[in-house]
Amino acid sequence: MKRLLAALFIIVLASAAGRAADPKKPPENEPGKAFNTRLEPKLSSAELAYILSEDSGGVYRLSEDGGSIANFSPESDYGPVLKFEDVATLIQAHAEKAAKMAKERLAEAKRTGRPPAFSDFEKRMAQDVRRTRHMFLSPEEMAALDEAFGYRYGKVPAAAPSLDFDVAPAAPGAVLPPVAARPPPQAARAAAAPADPAARALYEKLAANVTFAGTPREQATLRAMLGKVVETESGRRFAADFLKDSKAGETVLEFEDIPNSKVIDWNGKKIFTGSGGHAHTSDTPIRVHLNRNFLAIDDGTRDGASTLAHEFLGHSRQALKARRAGVAGAMRVWDQDEPNAGAVGWTAGLEMGLPATEGWMWSWVGDPAGYPQALKTNQAYYAGTFSRDEMRRTKPDGTSAVPDILEKRLQNAWSELKRQDDNERSWKGWDKAYRYFAAQPEFATEPERLEGVHRRIDGQLTGQIPSRRGNLEGIITYLGGQEALDSLRRGDAMPRRGGLIAHYSSPDGQKALTGAAAAADSELFKTIEAENTWLHGRLTKLTAGRSQSAEAPRPPDAWLSWEQFAKMVQAKKAENPKFPEGQ
Amino acid sequence: MRSAPFLLGLALLAAPAGASEKTMPSSDPVSAAARFKGPAGWQRDAGSFGADAFVTFSSGTLRLRVQLLGGKGSRYATAKEFLASPEAKSGGKAAVGKTTTVGRRKFKVYERTSEAPTGAPGAMGPGSSDTVDERFAVVPAGKTFFVLSYSRRNEVPAEAPLDLGVWTKFLASFQPR
């Protein structure tokens with residue numbers, strides 16, 4: 001009976017999700033018949049991994065074609081295929097297990113006073129259960145999942161477009177269907193060519209001009225992204241500009257596995273961390289690489305379209321123009337190339353309806369003059385880029401001032417590197433204060449109230465400060481070579497310099513800078529500056545009446561704000577000036 | 001984000017076809033239009049965004065800046081446009097100005113806070129940022145106008161208020177030519 005009820009629950013869910021009203025509704029499993037993994041409701045990878053693992057209490061294996069699940073329990077007749085209601089029971093058991101895990105972790109967190117810890121996979125699995133299998137859960141179990149995982153941010157998000165988690169761990173001995181054999185949900189959903197005739201004509205020309213690389217699914221997604229770009233006003237503007245003087249085959253679009261990138265759950269939505277992509281502008285043809293994780297996230301086609309606009313209609317378009325103008329090398333070291341590409345991508349993104357939450361966009365809109373300077377102290381690559389003024393600047397002897405400019409940047413990076421020690425001490429003080437309050441009865445029973453504070457402090461001490469140190473060391477070694485960093489650490493009176501400073505001090509480097517100084521006055525550079533002014537105006541209009549904080553995910557209401565926490569610390573310091581030391 | 005074939009890029013940094021071999025002199029339209037003095041020991045830089053030139057003085061997380069806006073091709077034709085722009089807003093709202101007297105002169109000084117991202121540009125996912133405290137003043141100069149600003153990027157939660165001594169001295173030194 002339980003099995004039948006479970007199966008009926010799933011049917012009710014499928015109808016509630018609107019599939020029943022869809023004239024093109026996909027074929028569904030039916031009670032009493034063998035469960036087909038390719039029909040609705042599809043199993044998530046987490047559910048499949050559970051069923052195929054020992055945790056499920058049985059010995060189940062996928063058929064060779066991955067379409068059905070067979071029962072290989074010794075007490076069975078070795079091989080009967082599971083029916084829909086059998087699988088529904090297992091889905092229910094999996095959902096209950098997720099709720100149990102959440103309850104146990106919460107209880108442990110309350111006992112220890114530390115926030116509950118979950119792996120990314122556990123979070124995604126549990127949130128998927130909460131979103132799609134809630135009919136199997138009691139109110140108490142749902143409340144446990146809500147408390148443990150992200151739904152404190154607000155309403156339960158809409159059903160995910162796919163239950164397909166490609167990164168779920170495989171159960172020992174399981175035969176997981178190969179990813180390539182699965183249907184391509186995003187590519188299939190996304191119609192590549194835009195409906196608007198003008199945009200469609202532009203799309204066809206662009207699609208004929210570039211080369212799409214990768215699997216059929218990847219190519220289809222890239223085409224869909226390109227279609228989204230030319231559906232935007234700015235996308236059409238820059239696509240037309242690209243087509244003015246480009247030749248077929250000069251650009252390849254493809255996906256790439258980018259290191260240090262992973263898919264995570266963020267407020268009930270699958271997103272990824274790490275770089276969105278790169279444009280390899282020195283290659284012939286130019287290769288635009290988008291992060292392959294765009295294929296695995298929610299709304300990946302639209303998010304990826306914005307990045308495609310950045311890399312393709314930003315960097316690649318300008319790099320090809322720079323080649324034709326004979327200023328390709330100068331373009332690569334000009335500090336307005338990155339803001340230009342950034343603004344092309346942000347503008348297309350806002351025009352296609354993406355939220356205005358990108359921090360660097362707000363930074364550029366709110367301070368375009370300061371933006372390049374911020375980049376130069378942020379990443380090694382940008383520390384070696386120059387304004388037009390810097391490219392032209394000379395010393396009294398007539399040689400380029402660039403080596404001196406870079407030496408100042410190196411010294412600034414060194415000062416900032418030393419300042420990280422002070423920052424770390426300061427944040428450790430805040431961490432002590434946090435630990436003091438977390439141990440107080442008021443918060444020990446409700447540790448989630450300090451969760452936001454804990455995340456901010458922990459993010460600084462384990463993420464931001466180590467990462468900043470690494471970036472600053474990278475800037476120093478890029479500008480002055482490893483010998484510069486070693487020499488600064490030793491406190492040498494006669495510091496040694498390699499890297500870019502040595503290069504630009506050499507005859508070859510000075511000759512290159514003469515070329516850069518001339519390029520700074522080229523028509524192309526002036527055109528791009530005018531384009532940046534236009535983009536700034538366009539983004540100003542698109543962001544009018546909006547703010548970054550208003551569109552960013554709101555923290556849970558239960559969390560104390562940083563300001564509230566700071567006031568608590570201030571009050572405690574008024575009582576005991578030595579707080580938080582000695583607590 | 002652009003890929004970083006640094007040395008290859010450098011090797012290709014050759015004189016463009018038809019370009020003059022003569023090195024262009026550095027120009028600084030802001031210094032030509034106004035007198036001002038930055039604090040001793042601070043790093044001075046000059047640059048432009050489009051048609052709008054600026055000079056900055058920086059030291060650690062502190063920055064003083066003079067921008068000359070409103071000229072031909074400027075992103076803001078008038079000071080009013082600037083004051084309605086994101087560059088003068090704080091949390092999406094227009095900054096509020098208070099009249100400050102420096103010597104015998106009066107400046108309307110605006111307060112603003114903004115966020116400075118700390119991650120790599122082009123990175124996906126939730127990012128981190130530092131809060132920036134800023135004071136700025138708008139000084140008309142014929143059809144153009146100057147925007148003077150003083151800011152601090154807070155790498156740690158601000159424990160001390162912004163030291164306005166440097167800012168006041170800077171304002172006192174400023175005089176359109």
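What counts, and where the lines are drawn
Residues numbered from 1 in each chain as written. Chains lettered and ligands numbered in written order. Predicted model: local features only at pLDDT ≥ 70, side-chain atom pairs only at ≥ 80, totals over all residues. Heavy atoms only, no water. Helix = DSSP H or I, 4+ residues; strand = E, 2+ residues; numbered from the N terminus. Contact = heavy atoms within 4.5 Å. Areas by Shrake-Rupley, 256 points an atom, 1.4 Å probe, with all protein chains shown as cover. Phe/Tyr/Trp six-rings, centres within 6.5 Å; stacked < 30°, edge-to-face > 60°. Buried < 20%, exposed > 50% of the residue type's maximum accessible area, 1.4 Å probe, protein only. pLDDT = per-residue confidence, 0-100. Pairing = 2+ DSSP bridges. Salt bridge = Lys/Arg side-chain N within 4 Å of Asp/Glu carboxyl O. Core = buried A, V, L, I, M, F, W, Y, C linked by side-chain atoms within 4.5 Å. Domains from an automatic or database assignment. Buried area = accessible area lost by both parts, 1.4 Å probe. Polar contact = N/O pair within 3.5 Å; in protein donor to acceptor, adjacent residues only side chain to side chain. Nonpolar A, V, L, I, M, F, W, Y, C, P; charged D, E, K, R; others polar. Expected span 1.5 Å × (residues − 1). Axes fitted to C-alpha atoms, helices over the stretch in contact; angles between N-to-C directions. Parallel < 35°, antiparallel > 145°, perpendicular 65-115°, else oblique.

**Things to note about the overall build of chain A**
- Of regular secondary structure, chain A possesses 24 helices and 9 strands.
- Here the analysis covers contacts within chain A between residues at least 6 apart in sequence; of these, 71% occur between residues at least 24 apart.
- As presented, chain A carries roughly 25100 Å² of accessible surface, and 54% of it is formed by carbon and sulfur atoms.

**Some thoughts on the packing of aromatic side chains**
All names here are of chain A.
- Counting across every chain of the model gives 29 aromatic pairs over all chains.
- Centroid distance Trp346 to Trp364: 6.1 Å. Interplanar angle 45 degrees. Geometry classified as tilted. Placement of Trp346 in helix H12 (residues 337–351) and of Trp364 in helix H13 (residues 359–366) is noted, with a sequence separation of 18 residues between them. An identical accessibility class is assigned to Trp346 and Trp364; each is buried.
- Here the aromatic rings of Tyr381 and Tyr382 are separated by 5.3 Å at their centres, their planes lie at 85 degrees, and the arrangement is edge-to-face.

**Things to note about the confidence of the model for chain A**
Residue and element names in this part refer to chain A.
- Here chain A averages 84 in pLDDT, while 85% of its residues score no lower than 70.
- Across chain A, H12 holds the top mean pLDDT of 98, while helix H6 (residues 185–189) sits lowest at 39.
- Confidence drops under a pLDDT of 50 for residues 13–23, and excluding neighbours within four residues, the segment shows 13 contacts in the predicted structure.

**Notes on the pairing of strand E3 (residues 52–59) of chain B**
All names here are of chain B.
- E3 sits mainly inside the fold: 6 of its 8 residues count as buried.
- Two elements, strand E2 (residues 43–49) and E3, share 7 bridges in a ladder whose sense is antiparallel. Within the sheet, the bridge partner assigned to Arg44 lies in E3 and is Phe57.
- What sits between E3 and strand E4 (residues 62–69) in their antiparallel hairpin is a turn of 2 residues, with Gly60 showing a positive phi close to 60 degrees.

**A few points about the pattern of salt bridges**
Residue and element names in this part refer to chain A.
- Throughout the structure, instances matching the rule amount to 49 salt bridges over all chains.
- One salt bridge in this structure joins Arg388 and Glu529, with 2.7 Å as the shortest N-O distance. Highlighted residues: Arg388 in helix H16 (residues 388–392) and Glu529 in helix H22 (residues 523–542), separated in sequence by 141 residues. In terms of burial, Arg388 and Glu529 fall into one category: buried.
- If you follow the salt bridges from partner to partner, you end up with Asp241, Lys244, Asp245, Arg317, Lys321 and Glu531 in one network.

**Re the nonpolar core**
All names here are of chain A.
- Counting 53 residues, the largest nonpolar core has Leu308, Phe312, Trp364 and Leu539 as the members making the most contacts within it.
- If you tally residues by element for this core, the top one is helix H10 (residues 300–325), at 7 residues.
- For Leu539, the contacting residues outside a window of four places in its chain are Ala343, Trp346, Thr347, Leu350, Met361, Trp364 and Val365.
- Among the nonpolar cores identified, the runner-up in size contains 34 residues, and Val402, Tyr478, Ile501 and Leu513 belong to it.

**Observations concerning the environment of Arg538 of chain A**
Residues and elements named next belong to chain A.
- Counting through the fold element by element, Arg538 comes out in helix H22.
- The exposure class assigned to Arg538 is buried, which follows from its relative accessible area of 18%.
- C-alpha separation for the pair Arg538 and Ala343, spaced 195 residues apart in sequence, amounts to 9.4 Å.
- Non-local contacts of Arg538, meaning those with residues more than four positions away in its chain, are made with Glu233, Thr347 and Glu351.

**Comments concerning the domain arrangement of chain A**
Residues and elements named next belong to chain A.
- Per the domain assignment, the segments of chain A are domain 1 (2–164), domain 2 (178–348) and domain 3 (402–521 + 553–569).
- Averaged C-alpha coordinates put domain 2 and domain 3 at centres separated by 31 Å.
- Tallying the contact residues gives 5 residues for domain 2 and 4 residues for domain 3.
- With both sides pooled, the region where domain 2 packs onto domain 3 buries about 320 Å², and carbon together with sulfur makes up 76% of that total.
- In this structure, the connection of domain 2 to domain 3 is made through 0 salt bridges.
- Applying the counting criterion to the domain 2 and domain 3 interface returns 0 residue pairs in polar contact (both at pLDDT 80 or more).
- When its residues are assigned to classes, the side of domain 2 that touches domain 3 shows 4 nonpolar, 1 polar and no charged.

**Description of the interface of chain A and chain B**
- Taken residue by residue, the interface counts 87 residues in chain A and 61 residues in chain B.
- Both sides of the chain A and chain B interface together cover about 5900 Å² of buried area, and 55% of this is carbon and sulfur.
- Counting the surface chain A buries against chain B, the share from its top three residues, Trp360, Ala369 and Tyr381 of chain A, is 9%.
- Inspection of the chain A/chain B interface yields 4 salt bridges.

**A closer look at the side chain of Asp367 of chain A**
- On the secondary structure map, Asp367 of chain A appears in the loop between H13 and helix H14 (371–376).
- Relative accessible area serves as the criterion here: at 15%, Asp367 of chain A is assigned to the buried category.
- Sequence-distant contacts of Asp367 of chain A, defined by excluding residues within four places in its chain, comprise Arg63, Arg65 and Glu87 of chain B.

**Things to note about the environment of Glu30 of chain A**
Residues and elements named next belong to chain A.
- Along the chain, the position of Glu30 falls in the loop between helix H1 (2–16) and helix H2 (45–52).
- With a relative accessible area of 42%, Glu30 lands in the partly exposed category.
- Separated by 11 residues in the primary sequence, Glu30 and Pro41 place their C-alpha atoms 9.8 Å from one another.

**Some details on helix H19 (residues 451–490) of chain A**
- An ideal rise of 1.5 Å per residue puts 58 Å on 40 residues; H19 of chain A reaches only 41 Å between its terminal C-alpha atoms.
- Remark: Gly491 of chain A follows H19 of chain A within two positions and exhibits a positive phi of approximately 75 degrees.

**Describing helix H8 (residues 216–230) of chain A**
- Across its 15 residues, H8 of chain A extends 21 Å between first and last C-alpha, which sits within 8% of the 21 Å expected from 1.5 Å per residue.
- By the burial criterion, the buried members of H8 of chain A are Glu218, Thr221, Leu222, Ala224, Met225, Leu226, Gly227, Val229 and Val230 of chain A.

**A look at the sheet that holds strand E9 (residues 286–291) of chain A**
Residue and element names in this part refer to chain A.
- Strands sit in the order E3-E4-E9-E8 across an open sheet of 4 strands; the sheet is mixed. This sheet does not close on itself; its edge strands, each paired only once, are strand E3 (211–212) and strand E8 (277–280).
- Relative to E9, E8 is paired through 4 bridges, and the arrangement is antiparallel. Within E9, the residue paired with Gly277 across the bridge is Leu290.
- Those strands touched by H8 are E3, strand E4 (251–256) and E9, and its axis lies near 120 degrees from that of E4.
- Set on the sheet, H10 makes contact with E4, E8 and E9; between it and E9 the angle comes to about 165 degrees.

**A short note on the sheet that holds E4 of chain B**
Residues and elements named next belong to chain B.
- Read from one edge of the open sheet, 7 strands run E2-E3-E4-E11-E10-E8-E7, paired in antiparallel fashion. Bordering the open sheet on either side are E2 and strand E7 (97–102), each of which pairs with just one other strand. The sheet shows a mean angle of 25 degrees between the axes of neighbouring strands, direction not considered.
- With 8 bridges joining them, E4 and strand E11 (residues 144–154) adopt antiparallel strand pairing.

**A word on the packing of helix H17 (residues 402–438) of chain A against helix H24 (residues 562–575) of chain A**
All names here are of chain A.
- Relative to each other, H17 and H24 sit at 85 degrees, their axes nearing to 11 Å. The angle between the axes of H17 and H24 places the two elements in the roughly perpendicular class. Here H17 contributes Trp427, Trp430, Ala433, Tyr434, Tyr436 and Phe437 to the contact with H24, which in turn contributes Trp562, Phe565, Ala566, Met568, Val569 and Lys572.
- Looking at the contact of H17 with H24 residue by residue, the class counts come to 11 nonpolar, no polar and 1 charged.

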